Amino acid sequence: LVINLYKYTIIMPRGIPWDELPRSYYHKVIDEDKQIIIKDNNDVNEEKERNYLKEFENIGRRAAFGLVCGSMTGFTFGAVDILRDVKAISNKKSVAINKLARYSGIFGAYFASYHATRKILKLYYYPISAEENLITSGIICTAPMLFSRTLRPMIPYGIILVVLDAVNGLNDV
């Protein structure tokens, strides 16, 4: 919650107990019972300076995490698809290996782009809720799959990945 009062800005951070706020958060404390923190507007402008290199590194880490998790999950989805496909089981090993590699690559790229998109939206579109971020990122990463006839059957698997990530992130919200 941010309230502008002419020269000062009242900032009340969410999710941080007042007792654990770092000293950099406040300039002057008024009304000790309510713990309202007042900052000079000049200090607020200093906070807007960002370390873009660190943010880019964090986006890369998220994308790498998504690549690893998506590849492993895609490998599993590919194995399930091979078991359902009699041709892939009875034919040469190369057919099965190609299918596993294809699923691993596609879902690795899908989940990497999903996690990178989530991080980018979180960093640069700050007033977005966690649910909106999740849904928007899922739509952005799933929409290109609609245009390819060969990728359309994989959309439910992609949605499963997003839902699993959403369920995992319920503790963070």
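Structure first, text after, so check above.
Residues numbered from 1 in each chain as written. Predicted model: local features only at pLDDT ≥ 70, side-chain atom pairs only at ≥ 80, totals over all residues. Heavy atoms only, no water.

What to know about a nonpolar patch on the surface
The grouping of Tyr52, Ile120, Tyr124 and Tyr125 at the surface amounts to a nonpolar patch, some 430 Å² of accessible area in total. Relative to the elements of secondary structure, Ile120 occurs in helix H4 (residues 93–124). Looking at Ile120, the relative accessible area reads 35%, which means it is partly exposed. (Patch = residues over 30% accessible without salt bridge, like charges linked within 9 Å, V, L, I, M, F, W, Y side chains within 5 Å. Areas by Shrake-Rupley, 256 points an atom, 1.4 Å probe, with all protein chains shown as cover. Salt bridge = Lys/Arg side-chain N within 4 Å of Asp/Glu carboxyl O. Helix = DSSP H or I, 4+ residues; strand = E, 2+ residues; numbered from the N terminus. Buried < 20%, exposed > 50% of the residue type's maximum accessible area, 1.4 Å probe, protein only.)

Details of the side chain of Ser104
With respect to the helices and strands, the residue Ser104 is situated in helix H4. Here Phe75 takes part through its backbone nitrogen, which lies 3.4 Å from a polar atom of the side chain of Ser104. Look past the residues within four positions of Ser104 in its chain and what remains in contact with it is Gly70, Ser71, Gly74 and Phe75. (Polar contact = N/O pair within 3.5 Å; in protein donor to acceptor, adjacent residues only side chain to side chain. Contact = heavy atoms within 4.5 Å.)

Overview of the nonpolar core
If you look at soluble globular proteins, the nonpolar side chains tend to sit buried side by side. Of all hydrophobic cores here, the largest spans 14 residues; its most connected members are Phe77, Tyr103, Phe107, Tyr110, Tyr114 and Leu161. Every element with two or more residues in this core is listed here: H4, helix H5 (130–146) and helix H6 (155–168). When residues in this core are grouped by element, the largest group, five residues, is from H4. (Core = buried A, V, L, I, M, F, W, Y, C linked by side-chain atoms within 4.5 Å.)

Thoughts on the environment of Ser129
For Ser129, the position within the fold is in the loop between H4 and H5. Side-chain polar atoms of Ser129 contact the backbone nitrogen of Glu132, separated by 3.2 Å.

Some words on the packing of H4 against H5
Here H4 crosses H5 at 140°, and the two axes come no closer than 9 Å. Taken together, the axes of H4 and H5 are oblique relative to one another. The way H4 lies across H5 gives a crossing that is right-handed. Here Tyr110, Ser113, Tyr114, Thr117, Arg118, Leu121 and Lys122 of H4 come into contact with H5, specifically with Asn133, Leu134, Thr136, Ser137, Gly138, Ile140, Cys141, Thr142 and Met145. Grouping the constituent residues of the contact of H4 with H5 by class yields seven nonpolar, seven polar and two charged. (Axes fitted to C-alpha atoms, helices over the stretch in contact; angles between N-to-C directions. Parallel < 35°, antiparallel > 145°, perpendicular 65-115°, else oblique. Left-handed = near helix turned anticlockwise from the far one by under 90°. Nonpolar A, V, L, I, M, F, W, Y, C, P; charged D, E, K, R; others polar.)

Regarding the packing of aromatic side chains
In this structure the tally under the stated criterion is seven aromatic pairs. Judged by centre distance (6.0 Å) and plane angle (35°), the ring pair of Tyr103 and Phe107 falls under tilted. In this pair, Tyr103 and Phe107 both sit in helix H4, four residues apart, roughly one turn of the helix. Accessibility assignment for this pair places Tyr103 and Phe107 in one class, buried. With a centroid separation of 6.1 Å and an interplanar angle of 80°, the aromatic rings of Phe107 and Tyr157 are classed as edge-to-face. (Phe/Tyr/Trp six-rings, centres within 6.5 Å; stacked < 30°, edge-to-face > 60°.)

As for helix H2 (residues 52–84)
Its 33 residues place the ends of H2 47 Å apart at the C-alpha level, agreeing with the 48 Å of an ideal helix rising 1.5 Å per residue. Those residues of H2 not exposed but buried are Glu55, Ile59, Gly66, Gly70, Gly74, Phe77, Gly78, Asp81 and Ile82. (Expected span 1.5 Å × (residues − 1).)

Looking at the packing of H4 against H6
Two numbers describe how H4 lies on H6: the axes approach to 11 Å, and their chain directions differ by 45°. In terms of their interaxial angle, H4 and H6 are classed as oblique. The interaxial crossing formed by H4 with H6 has right-handed handedness. Where H4 approaches H6, its residues Tyr103, Phe107, Tyr110, Phe111, Tyr114, His115 and Arg118 are matched on the opposing element by Tyr157, Gly158, Ile159, Leu161, Val162 and Asp165. Looking at the contact of H4 with H6 residue by residue, the class counts come to nine nonpolar, two polar and two charged.

A closer look at the pattern of salt bridges
As enumerated under the stated definition, the model contains three salt bridges in all. Note that Arg84 and Asp81 form a salt bridge whose closest N and O atoms lie 2.7 Å from each other. With Arg84 and Asp81 both in helix H2 and three residues apart, the pair spans about one turn of that helix. Classification of Asp81 by relative accessible area gives buried; the value is 11%.

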